[in-house]
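# Close look at the chain arrangement
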Amino acid sequence: KAGVTQTPRYLIKTRGQQVTLSCSPISGHRSVSWYQQTPGQGLQFLFEYFSETQRNKGNFPGRFSGRQFSNSRSEMNVSTLELGDSALYLCASSLGTTTYEQYFGPGTRLTVT
Amino acid sequence: GQQVMQIPQYQHVQEGEDFTTYCNSSTTLSNIQWYKQRPGGHPVFLIQLVKSGEVKKQKRLTFQFGEAKKNSSLHITATQTTDVGTYFCAGYSGYSTLTFGKGTMLLVSP
């Protein structure tokens, strides 16, 4: 089975721009979660989608949004980028709820200048 | 909200020494999961513990879930250089999302 894929792998954006990141889960997985990883804050939960519905949302501003398509692929969007948004953005897929093991993608490294 | 604390933040050992990382939750957990992230890589699932007092072993790794289901530990016996990485615990209380600890970075010197 193919693993979780994320595109692009690296991005450089300037402040004020917006960005869209994409995640393709493992075939058959209906849950996709997004995390922001930074050296200081560790892995912080952004949101989780299950069957195209946002099931949970972390404590991030409204500039961070996401969606899931009928084929379970997911995108997250960050508008009005700030320097502090520089991070590794990881998506993880699982069979169902977060009680199932999560399979992480390689991440998208976003640098905001 | 639910908080998961992990200690130590960092540990440097000589190859062959043992290593333990501890995880404590502010709330009772339904389950706890452990992940390993190699430098430059992404977190990889290691194991899930569900039952109070549960102990599971994977070769040199021993995972424990506390009786009160609020703490957990990962112990590595006789570390090897391949054990290098950051070990995360992640807990699910049933009332919130899967919450990750900040991880313990393990460095092993040959």
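If you're wondering where the values come from, they're calculated on a predicted model, not measured in any experiment. (Residues numbered from 1 in each chain as written. Chains lettered and ligands numbered in written order. Predicted model: local features only at pLDDT ≥ 70, side-chain atom pairs only at ≥ 80, totals over all residues. Heavy atoms only, no water.)

For chain A, the count of helices and strands is zero helices and eleven strands. Each helix and strand of chain A, ordered N terminal to C terminal, gives the series β-β-β-β-β-β-β-β-β-β-β. In terms of overall dimensions, chain A is globule-like: its C-alpha atoms have a radius of gyration of 13 Å, near the 13 Å expected for 113 residues. Residues classed as buried in chain A amount to 50% of the 113 residues present. (Helix = DSSP H or I, 4+ residues; strand = E, 2+ residues; numbered from the N terminus. Rg over C-alpha atoms; globule rule 2.2 N^0.38 Å. Buried < 20%, exposed > 50% of the residue type's maximum accessible area, 1.4 Å probe, protein only.)

With respect to the secondary-structure elements, Q37 of chain A resides in strand β4 (residues 31-38). Side-chain polar atoms of Q37 of chain A contact the side chain of Q37 of chain B, separated by 2.8 Å. With sequence-adjacent residues up to four places away left out, Q37 of chain A is seen in contact with G42, L43, A87, L88 and L90 of chain A together with Q37 and F88 of chain B. (Polar contact = N/O pair within 3.5 Å; in protein donor to acceptor, adjacent residues only side chain to side chain. Contact = heavy atoms within 4.5 Å.)

Turning our eyes to something else, we now look at the side chain of K69 of chain B. Positionally, K69 of chain B belongs in the loop between β7 (61-65) and β8 (71-76). Each residue touching K69 of chain B, except ones within four places of it in the same chain, is listed here: T27, T28, L29, S30, V50 and S52 of chain B.

What follows is about the nonpolar core. A general trend in soluble globular proteins is that nonpolar side chains are found buried together. All names here are of chain A. Grouped together as the largest cluster of nonpolar side chains are 21 residues, with contacts concentrated most on W34, L46, F64, M76 and Y89. Elements supplying a minimum of two residues to this core: β3 (19-24), β4, β5 (42-50), β8 (74-78), β9 (87-94) and β11 (108-112). Not counting residues up to four positions away in its chain, the partners in contact with L46 are W34, Y35, Q36, K57, G58, F60, F64, M76 and Y89. (Core = buried A, V, L, I, M, F, W, Y, C linked by side-chain atoms within 4.5 Å.)

What the rule picks out here adds up to two disulfides over all chains. Disulfide pairing places C23 of chain A opposite C91 of chain A at an S-S distance of 1.8 Å. The chirality of the disulfide connecting C23 of chain A with C91 of chain A is right-handed, given an S-S dihedral of about 60°. Note that C23 of chain A is positioned in strand β3 and C91 of chain A in strand β9, a separation of 68 residues in sequence. For the residue pair C23 of chain A and C91 of chain A, the accessibility class agrees, reading buried in each case. The residue that forms a disulfide with C23 of chain B is C89 of chain B, at a sulfur-sulfur distance of 1.9 Å. Across the S-S bond of C23 of chain B and C89 of chain B the torsion is about 75°, and the bridge reads as right-handed. With C23 of chain B in strand β3 (residues 19-25) and C89 of chain B in strand β9 (residues 85-92), the pair connects residues that are 66 residues apart, well separated along the chain. (Disulfide = S-S within 2.5 Å.)

Here we come to the interface of chain B and chain A. Facing 14 residues of chain B, the contacting portion of chain A comprises 17 residues. Summed over both sides, the interface of chain B with chain A buries roughly 1,400 Å², with 59% coming from carbon and sulfur. Joining chain B to chain A, the criterion identifies zero salt bridges. Our count for the contact surface shared by chain B and chain A stands at four residue pairs in polar contact (both at pLDDT 80 or more). Of the residues contributing to the side of chain B that touches chain A, the split by class is seven nonpolar, six polar and one charged. (Buried area = accessible area lost by both parts, 1.4 Å probe. Salt bridge = Lys/Arg side-chain N within 4 Å of Asp/Glu carboxyl O. Nonpolar A, V, L, I, M, F, W, Y, C, P; charged D, E, K, R; others polar.)

All names here are of chain A. The sheet built from four strands is open, its strands ordered β1-β3-β8-β7 with antiparallel pairing. Every interior strand has two partners, whereas the edge strands, β1 (5-7) and β7 (64-68), have only one. Along the sheet, successive strands turn relative to each other by an average axial angle of 20°, direction set aside. Bridge count for β7 against β8 is five bridges, and the pairing is antiparallel. Note that in β8 the partner of G66 across the bridge is M76. (Pairing = 2+ DSSP bridges. Axes fitted to C-alpha atoms, helices over the stretch in contact; angles between N-to-C directions.)

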